[in-house]
Amino acid sequence: MGLGVRWTLHGDGRTPAPGAVVRPDERLSWPRTAGLGAQHVVAMFGASFVSPVLMGLDPNLAIMMSGVATILFLLATRGRVPSYLGCSLSFVGVAAIIRAQGGDSAAVTGAIFVVGGALLLSGLVVHRFGARIIHAAMPPVVTGAVVMLIGFNLAPVTARTYWPQDQWTALATMLVTGLAVVCLRGFWSRIAIFLGLLFGYALSWVLDRVLGKIHSVNGGTEAVDHWRLDLSGVGRADWIGLPSLHGPGFGWSAALVALPVVIALIAENAGHVKAVGEMTGDRLDDQLGVAIAADGAATMLSTAVGGPANTTYSENIGVMAATRVYSTAAYWAAALFALLFGVCPKFGAVVAAVPGGVLGGITVILYGMIGLLGAQIWVHNKVDLRNPLNLVPVAAGIIIGIGGVSLKFSSSFELGGIALGTVVVLSGYHVLRALAPAHMKQQEPLLDEGTSSYDPVGENRGTVTPSD
C-alpha cells in the first residue's frame with residue numbers, strides 16, 4: 001500500500017451496499033469523503049478543545065497540531081490503522097500539578113515532550129519484541145489502577161478551581177451533560193460533552209443578560225465581580241493568523257510527574273488498535289508498536305511548538321463503527337479541516353472564553369469517566385481484587401495518587417501524587433508477585449467472600465492471570 005495515500009473507489013462511490021464496509025484502502029466520492037472528514041472533526045472536537053483549555057494551552061494550536069499528528073500517524077502506519085489523533089485528556093492533572101508548583105506552559109509542554117519520547121521508545125521496543133511485552137510489564141491490574149488514579153487525581157481541580165466560579169451554572173451543565181450521555185443515541189451521544197459545553201456557554205450568556213455580573217472567585221483567591229462569559233477577546237481576535245508558538249522547558253520534577261501517563265497511553269493505544277483491527281477484520285498486531293511509536297513522535301512534534309499531547313480517539317472509532325466506513329481518506333480530510341481551524345484566531349478566542357462554571361459542570365463528569373475507565377479495564381480483564389497480590393499495591397497506589405501523598409527526598413526533589421502512586425502500583429505488584437506463594441499467582445479468591453463478593457450465587461467467577 002506504500003504510504004497509504006492511494007485509495008480505490010468503493011462501488012459507485014455513493015452508498016455502500018447493505019452489510020458492506022468501506023475498507024481503509026478504499027474511499028467514497030471525494031464530496032462524501034469530505035463530509036465524513038467533517039463528521040470526524042465534530043466527533044473529536046469537544047474533547048480536543050476542552051483539553052488544551054484545561055491545561056492552559058492555546059486551543060487553536062492544539063486543533064492544528066492534532067491535524068498534523070493525524071497525518072504523521074497515517075503515514076507511519078501506512079494507512080492500515082484508520083484513527084484520528086486528538087488532544088489527550090490524560091495530562092490535565094499533570095498540567096494542574098506542574099502549574100501548582102509554579103511551572104508555566106513551557107514546563108507543561110516540556111514534561112509532556114519527555115513522555116512523548118518515552119512513548120516513542122516504548123513503541124519501538126514493542127515493535128521489536130512483540131505485544132506480549134506490554135502484558136508482561138503492565139498487566140491489566142496495573143494499567144487499570146494507573147488510569148484510575150490519573151482520573152480521580154483531578155477531582156480537586158474541579159472542586160477548588162472551576163465549580164466555585166459559578167456553582168449553579170456548573171450544576172445545570174452537569175445535569176444536561178449527564179442527560180445527553182444517557183438519553184441521546186448514536187453519534188449525538190458521542191458528542192454529549194460538547195453539547196453540554198454549548199448549553200453551559202449559552203446559559204452563562206443568558207444569566208449575564210438577566211442577572212448581571214456574578215460575585216465569585218475568577219482564577220484567583222479573592223471573590224470579585226465579573227461576567228460569566230467574557231467575549232471581549234473574540235472581538236479583538238483576527239479571522240486569519242497563525243497560533244502562538246513556544247518552545248518546551250525541561251525540569252526533572254515536572255517530567256517525573258508526567259511520566260506515569262506513559263502507562264495509560266500505551267494501554268489506550270493497544271485497546272484502540274485492537275478495536276480497529278476487529279472492526280476492519282485486519283490483524284494489526286504487527287502495527288501495535290508502530291502505532292505507539294507514531295503517537296509518541298506526534299506528541300513530541302506537538303509539544304515542541306507549544307501544543308498538547310495527542311492520542312488516538314475512541315470518539316472517532318465510534319464514528320467508524322456507526323458508519324462502517326473505515327477509509328483513511330476520511331481521516332486525511334479531517335486532518336486538513338483541523339489545520340484550517342488552527343489558523344483562525346477568532347475560533348481560539350471563542351474557545352478560551354468558556355466560563356469556569358461551565359468547565360466545572362463538564363469536568364465533574366469527564367474526570368470521573370476518565371478514572372472509571374480504570375475500573376472498566378479491571379472488569380473487562382476479570383481482575384480479581386480479592387487476591388491480596390492485586391489488592392495491596394492497587395489500594396496503596398490509588399490512595400497515594402488521589403490523596404496527594406508525597407515523599408520528599410531533598411529540598412529540590414519530591415515525588416508524590418500520580419508519579420508516586422504509579423511507582424507504588426507498578427513496582428509493588430512485580431515485587432510482591434516475585435515473593436508471593438504460588439497459590440496467590442493463580443488469583444484464587446483468598447479474602448473472606450462475605451466482605452468482597454458482589455456476584456449472585458452461582459454466577460461464573462472466572463479470572464485470568466496477568467500473563468493472559
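Residues numbered from 1 in each chain as written. Predicted model: local features only at pLDDT ≥ 70, side-chain atom pairs only at ≥ 80, totals over all residues. Heavy atoms only, no water.

## A few points about the overall build of the chain
So, point 1. Along the chain, the regular secondary structure elements total 22 helices and eight strands.
So, point 2. Per-residue burial over the chain gives 50% buried out of 468 residues.
So, point 3. When contacts within the chain are restricted to residue pairs at least 6 apart in sequence, those whose partners lie at least 24 apart make up 77%.
So, point 4. Summed over all atoms, the accessible surface of the chain reaches about 20800 Å², with 65% contributed by carbon and sulfur. (Helix = DSSP H or I, 4+ residues; strand = E, 2+ residues; numbered from the N terminus. Buried < 20%, exposed > 50% of the residue type's maximum accessible area, 1.4 Å probe, protein only. Contact = heavy atoms within 4.5 Å. Areas by Shrake-Rupley, 256 points an atom, 1.4 Å probe, with all protein chains shown as cover.)

## Side note on helix H3 (residues 92–100)
Given 3.6 residues per turn, any residue in an α-helix points the same way as the ones three and four places further on.
So, point 1. For H3, every residue scored as buried is listed here: Val92, Gly93, Val94, Ala95 and Ile98.
So, point 2. Downstream of H3 by a residue or two, Gly102 has a phi angle that is positive, lying close to 100°.

## Looking at the packing of helix H6 (residues 140–152) against helix H20 (residues 417–435)
So, point 1. Packing of H6 against H20 brings their axes to within 10 Å, and their N-to-C directions diverge by 170°. Looking at the two axes, H6 sits roughly antiparallel to H20. With respect to the hand of their crossing, H6 and H20 are arranged in right-handed fashion. When H6 is examined against H20, the residues Val141, Val142, Ala145, Val146, Leu149 and Ile150 are found in contact with a partner set consisting of Ile418, Gly421, Thr422, Val425, Leu426 and Tyr429.
So, point 2. Broken down by class, the residue content of the contact of H6 with H20 amounts to ten nonpolar, two polar and no charged. (Axes fitted to C-alpha atoms, helices over the stretch in contact; angles between N-to-C directions. Parallel < 35°, antiparallel > 145°, perpendicular 65-115°, else oblique. Left-handed = near helix turned anticlockwise from the far one by under 90°. Nonpolar A, V, L, I, M, F, W, Y, C, P; charged D, E, K, R; others polar.)

## Let's talk about the confidence of the model for the chain
So, point 1. Looking at the chain, the pLDDT average stands at 80 and 88% of residues meet or exceed 70.
So, point 2. Across the chain, element-level confidence peaks in helix H14 (residues 288–304) with a mean pLDDT of 93 and bottoms out in helix H22 (residues 449–452) with 36.
So, point 3. pLDDT under 50 marks residues 444–468. Its contacts with residues more than four places away, or in other chains, come to 37 contacts. (pLDDT = per-residue confidence, 0-100.)

## Comments concerning the packing of aromatic side chains
So, point 1. Applying the stated rule across the entire model yields two aromatic pairs.
So, point 2. Look at Trp7 and Trp30: their rings are 6.0 Å apart centre to centre, the planes differ by 85°, and that puts the pair in the edge-to-face class. Here Trp30 lies in helix H1 (residues 30–55) and Trp7 lies in the segment before strand S1 (8–9), a separation of 23 residues in the sequence.
So, point 3. Stacked on the ring of Phe129, the Lys or Arg Arg128 has its end atom at 5.0 Å from the ring centre.
So, point 4. Looking at Arg209, its charged tip hangs above the ring of Trp227, at a distance of 5.7 Å from the centre. (Phe/Tyr/Trp six-rings, centres within 6.5 Å; stacked < 30°, edge-to-face > 60°. Lys NZ or Arg CZ within 6 Å of the ring centre and 35° of its normal.)

## Details of the side chain of Thr311
So, point 1. Positionally, Thr311 belongs in strand S6 (residues 310–312).
So, point 2. Separated by 3.5 Å, the side chains of Thr311 and Asp295 make a polar contact. (Polar contact = N/O pair within 3.5 Å; in protein donor to acceptor, adjacent residues only side chain to side chain.)

## What to know about the nonpolar core
So, point 1. By size, the foremost hydrophobic cluster in this structure holds 98 residues, and its most contacted members are Phe49, Phe91, Tyr367 and Trp378.
So, point 2. The residues touching Phe49, leaving out its near neighbours within four places in the chain, are Ile63, Phe194, Leu197, Val351 and Val354. (Core = buried A, V, L, I, M, F, W, Y, C linked by side-chain atoms within 4.5 Å.)

## Comments concerning the packing of helix H10 (residues 192–211) against helix H18 (residues 356–380)
In a packed pair of helices, the relevant descriptors are the angle between the two axes and the axis-to-axis distance.
So, point 1. Running from N to C, H10 and H18 cross one another at 160°; their axes reach a closest spacing of 9 Å. Between H10 and H18, the interaxial angle falls into the category roughly antiparallel. Of the two possible hands of crossing, H10 and H18 adopt the one that is right-handed. Contacts between H10 and H18 involve Ile193, Gly196, Leu197, Gly200, Tyr201 and Ser204 from the first element and Val358, Ile362 and Leu366 from the second.
So, point 2. Its residues placed into classes, the contact of H10 with H18 shows six nonpolar, three polar and no charged.

## Let's talk about a nonpolar patch on the surface
So, point 1. Residues Trp205, Val206, Val210, Leu211 and Leu231 make up a contiguous nonpolar surface patch of about 490 Å² in total accessible area.
So, point 2. Its place among the elements puts Val210 in helix H10. (Patch = residues over 30% accessible without salt bridge, like charges linked within 9 Å, V, L, I, M, F, W, Y side chains within 5 Å. Salt bridge = Lys/Arg side-chain N within 4 Å of Asp/Glu carboxyl O.)

## Topic: the environment of Ala353
So, point 1. Residue position: Ala353 is located in the loop between helix H17 (345–352) and H18.
So, point 2. Judged by relative accessible area, which is 10%, Ala353 ranks as buried.
So, point 3. For the pair Ala353 and Leu229, spaced 124 residues apart in sequence, the C-alpha separation works out to 6.4 Å.

## Observations regarding the pattern of salt bridges
So, point 1. Considering all chains together, one arrives at four salt bridges under this definition.
So, point 2. For the salt bridge of Arg228 with Asp208, the shortest nitrogen-to-oxygen distance reads 3.1 Å. Of this pair, Arg228 sits in the loop between strand S5 (223–226) and helix H11 (232–236) while Asp208 sits in helix H10; the two residues are 20 residues apart in sequence, bridging distant segments of the chain.
So, point 3. Of the residues examined, Asp208 reaches a relative accessible area of 3% and is grouped as buried.
So, point 4. In this structure, Arg386 and Asp384 form a salt bridge, with 3.1 Å as the shortest nitrogen-oxygen distance.
So, point 5. Given the relative accessible area of 9%, Arg386 is considered buried.

## Some points on helix H4 (residues 105–129)
So, point 1. A rise of 1.5 Å per residue sets the reference length of H4, with its 25 residues, at 36 Å; its end C-alpha atoms lie 36 Å apart and thus fit the reference within 8%.
So, point 2. Where H4 begins, one side-chain oxygen reaches toward the backbone nitrogen of Ala106, 3.3 Å away; that side chain belongs to Asp104.
So, point 3. Positive backbone phi, at 100°, marks Gly130, one or two positions downstream of H4. (Expected span 1.5 Å × (residues − 1).)

## Description of the environment of Leu229
So, point 1. Mapped onto the elements, Leu229 comes out in the loop between S5 and H11.
So, point 2. Since its relative accessible area comes to 9%, Leu229 is described here as buried.
So, point 3. When the C-alpha positions of Leu229 and Leu203 are compared, they lie 9.4 Å apart, and in sequence the two are 26 residues distant.
So, point 4. Not counting the four nearest positions on each side in its chain, Leu229 is found in contact with Tyr201, Ser204, Trp205, Asp208, Ala353 and Pro355.

## Details of the environment of Leu120
So, point 1. Tracing the sequence through the fold places Leu120 in helix H4.
So, point 2. Along the primary structure Leu120 and Ala293 are separated by 173 residues, whereas in three dimensions their C-alpha atoms are 4.0 Å apart.
So, point 3. If sequence neighbours within four positions are ignored, Leu120 has contacts with Ala293, Gly296, Ala297 and Met300.

## Describing unusual backbone geometry
So, point 1. Located in the positive-phi region is Arg78, a residue other than glycine, with phi close to 55°.
So, point 2. Among the structural elements, Arg78 can be located in the loop between helix H2 (59–76) and strand S3 (85–87).
So, point 3. With phi around 55°, Lys382 is a residue other than glycine that occupies positive phi space.
So, point 4. Among the structural elements, Lys382 can be located in the loop between H18 and helix H19 (388–403).
So, point 5. For Lys382, a relative accessible area of 44% translates into the label partly exposed.

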